[in-house]
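Examining the three-dimensional arrangement
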2 protein chains.
Amino acid sequence: MTQQLVFRAIADPTRRSIMTMLSSGERSLSDITAAFEMTRPAVAKHLNILREGGLVRVRKQGRERLHRLQPEALKTVSEWLSFFDQFWDEKLANLKQSVEMDDE
Amino acid sequence: MTQQLVFRAIADPTRRSIMTMLSSGERSLSDITAAFEMTRPAVAKHLNILREGGLVRVRKQGRERLHRLQPEALKTVSEWLSFFDQFWDEKLANLKQSVEMDDE
DNA sequence: ATAATATGAAACCTTTCAGTTTCTCTTTAT
DNA sequence: ATAAAGAGAAACTGAAAGGTTTCATATTAT
């Protein structure tokens, strides 16, 4: 299932950090690597996993590969989350309240 | 960081499935195990990880331990997600549209 | 042409993870 | 009192994850 690849991708703190970084614009592998204390191949692997999860797209430009955030893929997570909205205490309290109001 | 424990917890499909199951009410370890094709200790480990992520609370009742969903812990994920809202194409389009409307 | 830059890819290592089996403990039912 | 049910914990296994080093390839700059 491809949904799993998104959850997998966002499970790692380094990858979430990369996502934040890419939110301000396209970056090359070297650029991204400079911001982390790990080797280039390690970062490249993280980017691959982000790509597999659909969270990042790559564009080739000369000898560089520019990575761009693809936040639409987060919709999967968002939808999963929304299922649980109805079970939040606050929501339940609100619902309870409105039910009580209906009684009056 | 405790935030990481939530992301870790929801990364596994079995654990997400357990969460869905618990959304309909408290369940004992044996109950939950019956719904999966794995041994009881395996499920117990998943429940521990969910507990570490704050997503599940346990209540002791007799010889049973009843597990209850604690969906408030998902707020962490929800807030993380919301940061990326502004980068969604749709949102950007909407924003752009409202800006254009302001010009008129 | 040659050197430097940017990256891909393979091989390897170590740790974590998901799962099992086995044993023990506590609580209830007979 | 004894047996059965529910669960915790430890030891082990295989696979996946995160990382490194090393080598090869494509593109740009001198």
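Everything quoted here is computed from the prediction, not taken from an experiment.

What follows is about the interface of chain B and chain A. Many analyses report the size of an interface as the accessible area lost when the parts associate. With 25 residues of chain B at the interface, the matching set in chain A holds 24 residues. Roughly 2400 Å² of surface becomes buried between chain B and chain A when both sides are summed, with 72% attributable to carbon and sulfur atoms. Linking chain B with chain A are 0 salt bridges, by the criterion used here. Counting across the interface, chain B meets chain A through 4 residue pairs in polar contact (both at pLDDT 80 or more). Looking at the side of chain B that touches chain A, the elements with two or more residues in it are helix H1 (2–10), helix H2 (13–22), helix H5 (75–85) and helix H6 (89–103) of chain B. Tallied by class, residues from the side of chain B that touches chain A come to 15 nonpolar, 5 polar and 5 charged.

Residues and elements named next belong to chain A. Between helix H1 (residues 2–10) and helix H4 (residues 40–52), the shortest axis-to-axis distance is 8 Å and the interhelical angle comes to 145°. Helix-helix and strand crossings are classified by hand; for H1 and H4 the assignment is left-handed. Residues Leu5, Arg8 and Ala9 of H1 pack against Ile49, Leu50 and Glu52 of H4. For the contact of H1 with H4, the residue count by class is 4 nonpolar, no polar and 2 charged.

Now for the protein's contact with DNA strand D. Taken together, 22 residues form the shell around DNA strand D, and within it Thr39, Lys45, His46 and Gly62 of chain A together with Ser30 of chain B come nearest. One of the side-chain nitrogen or oxygen atoms of Arg8 of chain A is found 3.1 Å away from a phosphate oxygen of DNA strand D. The contact in question runs from a base oxygen of DNA strand D to an N or O atom on the side chain of Lys45 of chain A, over 2.3 Å. Of all the secondary structure elements, the ones that give two or more residues to the surface near DNA strand D are H4 of chain A together with helix H3 (29–34), helix H4 (40–52) and strand E3 (64–69) of chain B.

A few words on the sheet that holds E3 of chain B. Residues and elements named next belong to chain B. Across the sheet, which stays open at both edges, the 3 strands sit in the order E1-E3-E2 with antiparallel pairing between neighbours. The strands lining the two open edges of the sheet, one partner per strand, are strand E1 (27–28) and strand E2 (56–61). Pairing between E1 and E3: 2 bridges, direction antiparallel. Looking at E3, one finds that Ser28 is bridged to Leu66.

As a further point, take the packing of aromatic side chains. For any two aromatic rings, the description comes down to two numbers: the centre-to-centre distance and the angle of the planes. Residues and elements named next belong to chain A. Inspection of every chain in the model, using the stated rule, returns 10 aromatic pairs over all chains. Between Phe7 and Trp80 the ring centres are 5.3 Å apart and the planes differ by 80°, which places this aromatic pair in the edge-to-face class. One end of the pair, Phe7, is in helix H1; the other, Trp80, is in helix H5 (residues 75–85), and 73 residues separate them in sequence. Here Phe7 matches Trp80 in class, with each residue buried. Residues Phe83 and Phe87 carry aromatic rings whose centres are separated by 5.6 Å and whose planes lie at 65° to one another, so their mutual orientation is edge-to-face. For Phe83, a relative accessible area of 34% translates into the label partly exposed.

Lining the immediate environment of DNA strand C, one finds 22 residues, of which Ser30 and Arg40 of chain A together with Thr39, Lys45 and His46 of chain B sit closest. Taking all atoms of DNA strand C within 4 Å of the protein, the share assigned to sugar and phosphate is 67%. One of the backbone N or O atoms of Leu29 of chain A is found 3.3 Å from a phosphate oxygen in DNA strand C. Among the elements of the structure, helix H3 (29–34), H4 and strand E3 (64–69) of chain A together with H4 of chain B are those that each provide at least two residues to the surface near DNA strand C.

Definitions and cut-offs
- Residues numbered from 1 in each chain as written.
- Chains lettered and ligands numbered in written order.
- Predicted model: local features only at pLDDT ≥ 70, side-chain atom pairs only at ≥ 80, totals over all residues.
- Heavy atoms only, no water.
- Contact = heavy atoms within 4.5 Å.
- Buried area = accessible area lost by both parts, 1.4 Å probe.
- Salt bridge = Lys/Arg side-chain N within 4 Å of Asp/Glu carboxyl O.
- Polar contact = N/O pair within 3.5 Å; in protein donor to acceptor, adjacent residues only side chain to side chain.
- Helix = DSSP H or I, 4+ residues; strand = E, 2+ residues; numbered from the N terminus.
- Nonpolar A, V, L, I, M, F, W, Y, C, P; charged D, E, K, R; others polar.
- Axes fitted to C-alpha atoms, helices over the stretch in contact; angles between N-to-C directions.
- Left-handed = near helix turned anticlockwise from the far one by under 90°.
- Near = heavy atom within 4 Å.
- Pairing = 2+ DSSP bridges.
- Phe/Tyr/Trp six-rings, centres within 6.5 Å; stacked < 30°, edge-to-face > 60°.
- Buried < 20%, exposed > 50% of the residue type's maximum accessible area, 1.4 Å probe, protein only.

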